[in-house]
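Coordinate analysis (summary)
Letter by letter, the chains look like this.
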There are 2 protein chains.
Amino acid sequence: MREDYDLEEERVRRFLRLHGVRRAAVQLPEGLRRHAGEIEELLRGEGVEALFLAGSCYGACDLAEEEAKRAGAEALLHYGHADMGLPTSLPVLFVEARMRVNPVEAVLRAAGGEEPGRVGVVTTVQHVGFLPEVVGALSSLGFRPQVGGPGPRTRYAGQVLGCDLTSALSVGGGVEKFLYFGTGRFHPLGVHLATGRPVVAVDPLSGRVERMDSREGFLRERRAVMARAAEGSLFGVVVSTKPGQARFRLARRLAERLREAGKRVVEVVADEIRPEPLLDLGLEAAVCVACPRIPLEDARRFGLPLLTPPELLLLLGEEGDYRLDSVEASDF
Amino acid sequence: MREDYDLEEERVRRFLRLHGVRRAAVQLPEGLRRHAGEIEELLRGEGVEALFLAGSCYGACDLAEEEAKRAGAEALLHYGHADMGLPTSLPVLFVEARMRVNPVEAVLRAAGGEEPGRVGVVTTVQHVGFLPEVVGALSSLGFRPQVGGPGPRTRYAGQVLGCDLTSALSVGGGVEKFLYFGTGRFHPLGVHLATGRPVVAVDPLSGRVERMDSREGFLRERRAVMARAAEGSLFGVVVSTKPGQARFRLARRLAERLREAGKRVVEVVADEIRPEPLLDLGLEAAVCVACPRIPLEDARRFGLPLLTPPELLLLLGEEGDYRLDSVEASDF
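In this report, the structure presented in the accompanying data block is examined.

What follows concerns the overall build of chain A. Regarding its fold elements, chain A presents 13 helices and 15 strands. The C-alpha atoms of chain A give 21 Å as radius of gyration, which agrees with the globular expectation for 332 residues (20 Å, within 12%). Structurally, chain A occupies a C-alpha span of about 60 × 55 × 30 Å along its principal axes. Considering chain A as a whole, with its 332 residues, one finds that 56% of them fall into the buried category. Looking at chain A as shown, the accessible area adds up to about 13500 Å², and 48% of this sits on carbon and sulfur atoms. Taking the average location of the 43 positive side-chain charges in chain A and that of its 48 negative ones, the two points are 2 Å from each other.

Put into structure tokens, the structure is as follows:
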């Protein structure tokens, strides 16, 4: 099925006029970059010079405000993510790029195979506009759908992020399972790992359904990484400068704990956390104080054991149970 | 032969004490990253917290001042390059990391096969300390060595950079050939292309000698790239935000010229210029307003014709002769 996004041309025009913008920086995630030509035309039609920022655009946390200012832009158009409330020093418009594909049919097919009951409903911002319709459809099948309110970094009820699963956690205790609609495995896996409830994940584009109901494999793999990390003596504390990931306060706390535990610590700062510099620096293990997704999804790519902050605290005996990393205001 | 660098520990200590630094950012090029452990120890011995910046460190132009400030550092130690005089807003120490290997023997062997005469002598900052000794040795063989003064971005007589070949150009008219001592092919090739004089390149580590005396192959290849670029209708003007590469004024001039020539122009801003975003944005050709080395050395990697600014001006009929890109104060 075609990926069809709402690029909200009229809202962009109003924003540019409102702020009298002559030169605007544009941030696009990989999947939206092919729309650069039409966005350039839209801006040119308003007499606005478009500056496309070619760096990463992984989330609203990855806000290229500094790059936009260095490029002399007066405003920033950030596509593909919902505002997570970061403070900004120039006007920023978040164009969420909602997908137009209706997930209801795929959800109904997936739900047909499930025992009706209390079900938490979660999704990503690309599909969140269909949440009421999905809830209605599930109700019509006899389910009792529950939608949790947004957390500190999410904007909509039912929306989940890798670093903020509040909308799932807040209803997790009262549901038998979750239904996730959206693309990718990372978000539904996070909901399952964080709540312990089975998750039925429905991809509205392909119609594919996956059931996630065991965290044993995941936990075994992470405990193996933790065991390897425990053996390292030169330990990296790696923190990203991306505005919504720059948890320098947490990084310093972790560096102190590691030194108290007798490790040699090297603090590393990067925009994107890539494996090569960490290996070049001679690190034997590291904790990733950035996006929670990096150590979990990219583990094999790294060639050294890379922990999340809660995994390190567990390893150092400061916490008792395995928990997923989540980004808190007190980390900054 | 072992690569052995002078990391100037005592000068680093004095700098840290002078500025009362408690938290210092450290920038290392790839080849020096394995020294992170000893640098961390050196700083710890002074009671200074070391923050290793894991981004690129391609030259003094690639000064990670903003990243250092975002990381809360009070000073920046930049290793591997000579100061090119960029303004900075926090104390910066350039540790040039001179190589200890003496090039004289390799130079004498290479020069033995050459007809004595007037020879320009050029090198990179890693070896520039041996310039007087090399000049003396060449004189003893009957050569008349010429060393040009530094340019706007180089710091030492005889030093060349990919973006500043002044020390070669200023003596090029009065010499029969050049002798380059140092690693890599890019700098001696630049000297040959810019001056038209043959260059004898001597690698002090391997002892390897290469003679560069034909620019026909290079020019043929670049003219082919220019011909392919001429066919593109969606043209990128790609500029880097690295402080010493951020030639935004030149970029705007080139974008105007391209529009006057009937091209559709997309302006792109990046820290590192990588091929994927340019292709994702749908560009059919681009001009690289960043490090002059990128379009020349990385051409095949890019998958789209990537021009230097002078190549674009030649293509648009604004200049008559092929010349290498060099970075000028008026570009910024």
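Still more to cover.
Turning next to the interface of chain B and chain A. The partner chain A presents 37 residues to the 37 residues of chain B that form the contact. Here chain B meets chain A over a buried area of about 3400 Å², counting both sides, of which 51% is carbon and sulfur. When the buried area of chain B at its contact with chain A is split by residue, R70, E267 and L281 of chain B rank highest and sum to 19% of it. Taken together, the links from chain B to chain A amount to eight salt bridges. In this structure, R264 of chain A and E41 of chain B form a salt bridge, with 3.6 Å as the shortest nitrogen-oxygen distance. In this assembly, chain B and chain A are joined by 14 residue pairs in polar contact (both at pLDDT 80 or more). Among the secondary structure elements, those contributing two or more residues to the side of chain B that touches chain A are α2 (36-45), β3 (49-53), α3 (65-70), α9 (248-260), β13 (264-270) and α10 (275-280) of chain B. Considered class by class, the residues forming the side of chain B that touches chain A number 17 nonpolar, three polar and 17 charged. Inspection of the sheet shows strand β3 (residues 49-53) of chain A paired to β13 of chain B by three bridges, in the parallel sense. Paired with F52 of chain A across the bridge in β13 of chain B is V268 of chain B.

Here we come to the pairing of strand β7 (residues 118-123) of chain B. Residue and element names in this part refer to chain B. Taking burial as the measure, the six residues of β7 include five buried ones, the bulk of the element. Two elements, β7 and strand β8 (residues 144-146), share three bridges in a ladder whose sense is parallel. Looking at the pairing, R118 lines up with R144 of β8. Relative to strand β9 (residues 177-181), β7 runs parallel, the two being bridged by five bridges. Its bridge partner lying in β9, G120 is registered against F178.

We now examine the packing of aromatic side chains. Residues and elements named next belong to chain A. Using the criterion set out here, one finds two aromatic pairs over all chains in the structure. Ring centres of F218 and Y322 lie 5.9 Å apart, and the angle between their planes is 85°; on these two criteria the pair is classed as edge-to-face. Placement of F218 in helix α8 (residues 216-231) and of Y322 in the segment after α13 (309-315) is noted, with a sequence separation of 104 residues between them. Here F218 and Y322 have matching classes, each one buried. In this structure, R98 packs its charged tip against the face of Y156, placed 5.0 Å from the ring centre.

A full pass over the atoms with the stated rule returns 72 salt bridges over all chains. The closest approach of N and O atoms between E114 of chain A and R211 of chain A, which form a salt bridge, is 2.7 Å. Taken together, the positions of E114 of chain A in the loop between α4 (104-112) and β7 (118-123) and R211 of chain A in strand β11 (residues 209-212) put the pair 97 residues apart, joining distant regions of the chain. For E114 of chain A, a relative accessible area of 17% puts it in the buried group. Assessed through its relative accessible area of 40%, R211 of chain A is described here as partly exposed. Here R222 of chain B makes a salt bridge to E311 of chain B, at a shortest N to O gap of 2.7 Å. Residue R222 of chain B is found in helix α8 (residues 216-231), and its partner E311 of chain B is found in helix α13 (residues 309-315); the two are separated by 89 residues along the sequence. A single burial state applies to R222 of chain B and to E311 of chain B, both of which are buried. Through salt bridges with shared partners, one network takes in E10, R13, R17 and E46 of chain A.

On to the sheet that holds strand β4 (residues 75-79) of chain A. Read from one edge of the open sheet, eight strands run β5(A)-β4(A)-β2(A)-β3(A)-β13(B)-β12(B)-β14(B)-β15(B), paired in parallel fashion. Pairing within the sheet leaves two strands with one partner each, and these edge strands are β5 (92-95) of chain A together with β15 (306-307) of chain B. Two elements, strand β12 (residues 234-240) of chain B and strand β14 (residues 285-289) of chain B, share five bridges in a ladder whose sense is parallel. Directly across from G236 of chain B, in β14 of chain B, lies its bridge partner A286 of chain B.

Reading the values: rules and limits
- Residues numbered from 1 in each chain as written.
- Chains lettered and ligands numbered in written order.
- Predicted model: local features only at pLDDT ≥ 70, side-chain atom pairs only at ≥ 80, totals over all residues.
- Heavy atoms only, no water.
- Helix = DSSP H or I, 4+ residues; strand = E, 2+ residues; numbered from the N terminus.
- Rg over C-alpha atoms; globule rule 2.2 N^0.38 Å.
- Buried < 20%, exposed > 50% of the residue type's maximum accessible area, 1.4 Å probe, protein only.
- Areas by Shrake-Rupley, 256 points an atom, 1.4 Å probe, with all protein chains shown as cover.
- Lys, Arg positive; Asp, Glu negative; His and termini not counted.
- Charge placed at Lys NZ, Arg CZ, Asp CG, Glu CD.
- Contact = heavy atoms within 4.5 Å.
- Buried area = accessible area lost by both parts, 1.4 Å probe.
- Salt bridge = Lys/Arg side-chain N within 4 Å of Asp/Glu carboxyl O.
- Polar contact = N/O pair within 3.5 Å; in protein donor to acceptor, adjacent residues only side chain to side chain.
- Nonpolar A, V, L, I, M, F, W, Y, C, P; charged D, E, K, R; others polar.
- Pairing = 2+ DSSP bridges.
- Phe/Tyr/Trp six-rings, centres within 6.5 Å; stacked < 30°, edge-to-face > 60°.
- Lys NZ or Arg CZ within 6 Å of the ring centre and 35° of its normal.

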